[in-house]
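Examination of the molecular architecture
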Amino acid sequence: MAVTREEKTGVIESFYDVDSGVIRENGTNATRDFFQPGAQTQFIQAENVVYILITLPNNRTIVQGIGKPPQ
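Residues numbered from 1 in each chain as written. Predicted model: local features only at pLDDT ≥ 70, side-chain atom pairs only at ≥ 80, totals over all residues. Heavy atoms only, no water.

1. What about the side chain of Lys8?
In this fold, Lys8 is placed in strand 1 (residues 4-15). The buried category is assigned to Lys8, whose relative accessible area is 19%. In this structure the side chain of Lys8 is engaged in a polar contact, spanning 3.3 Å, whose partner is the side chain of Glu25. (Helix = DSSP H or I, 4+ residues; strand = E, 2+ residues; numbered from the N terminus. Buried < 20%, exposed > 50% of the residue type's maximum accessible area, 1.4 Å probe, protein only. Polar contact = N/O pair within 3.5 Å; in protein donor to acceptor, adjacent residues only side chain to side chain.)

Below, the structure written as structure tokens:
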């Protein structure tokens, strides 16, 4: 299995600290942990976001590039 890279949308469900938290994916309701420096200063809880989901061959997932959706 190859590494896959997908653009996803979701909602910030909660924050663990200033840099990390949980995103709930739209459609599947899957939760994804994320780490992004300064996330709590850039986003608010329940805000819609877009992000890149990378799935590794061992089915481990990594969330990268969290941003605000285009308006």
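2. As for the confidence of the model for the chain
Chain-level statistics for the chain give a pLDDT mean of 94 and a share of 100% at 70 or above. By mean pLDDT, helix 1 (residues 39-42) is the weakest element of the chain at 93, and strand 1 is the strongest at 97. (pLDDT = per-residue confidence, 0-100.)

3. Some details on the pairing of strand 3 (residues 31-35)
Residues Arg32 and Phe34 of strand 3 are buried on one face, while the alternating residues Thr31, Asp33 and Phe35, pointing to the opposite face, are not. Between strand 2 (residues 20-25) and strand 3, which pair antiparallel and follow one another directly, the connecting turn spans five residues, one of which, Gly27, has a positive phi of 90 degrees. (Pairing = 2+ DSSP bridges.)

4. Topic: the pattern of salt bridges
Counted by the stated rule, this structure contains five salt bridges. A salt bridge links Lys8 to Glu25, with the shortest nitrogen-to-oxygen separation between them at 3.3 Å. Of the two residues, Lys8 sits in strand 1 while Glu25 sits in strand 2, which places them 17 residues apart along the sequence. Of the two residues, Lys8 and Glu25, both sit in the buried class. Linking Lys68 and Glu47 is a salt bridge whose minimum nitrogen-to-oxygen distance equals 3.2 Å. Remark: Glu47 occurs in the loop between helix 1 and strand 4 (48-55) and Lys68 occurs in the segment after strand 5 (61-67); sequence separation between them is 21 residues. A network of salt bridges, in which partner residues are shared, links Glu6, Lys8, Glu25 and Arg32. (Salt bridge = Lys/Arg side-chain N within 4 Å of Asp/Glu carboxyl O.)

5. Topic: the nonpolar core
Note on soluble globular proteins: their nonpolar side chains tend to be buried together. Of all hydrophobic cores here, the largest spans eleven residues; its members are Ile12, Phe15, Ile23, Phe34, Ala39, Phe43, Val49, Tyr51, Leu53, Val63 and Ile66. Ignoring any residue separated from it by four or fewer positions in sequence, one finds Phe43 in contact with Ile12, Phe15, Gln36, Val49, Ile66, Gly67 and Lys68. (Core = buried A, V, L, I, M, F, W, Y, C linked by side-chain atoms within 4.5 Å. Contact = heavy atoms within 4.5 Å.)

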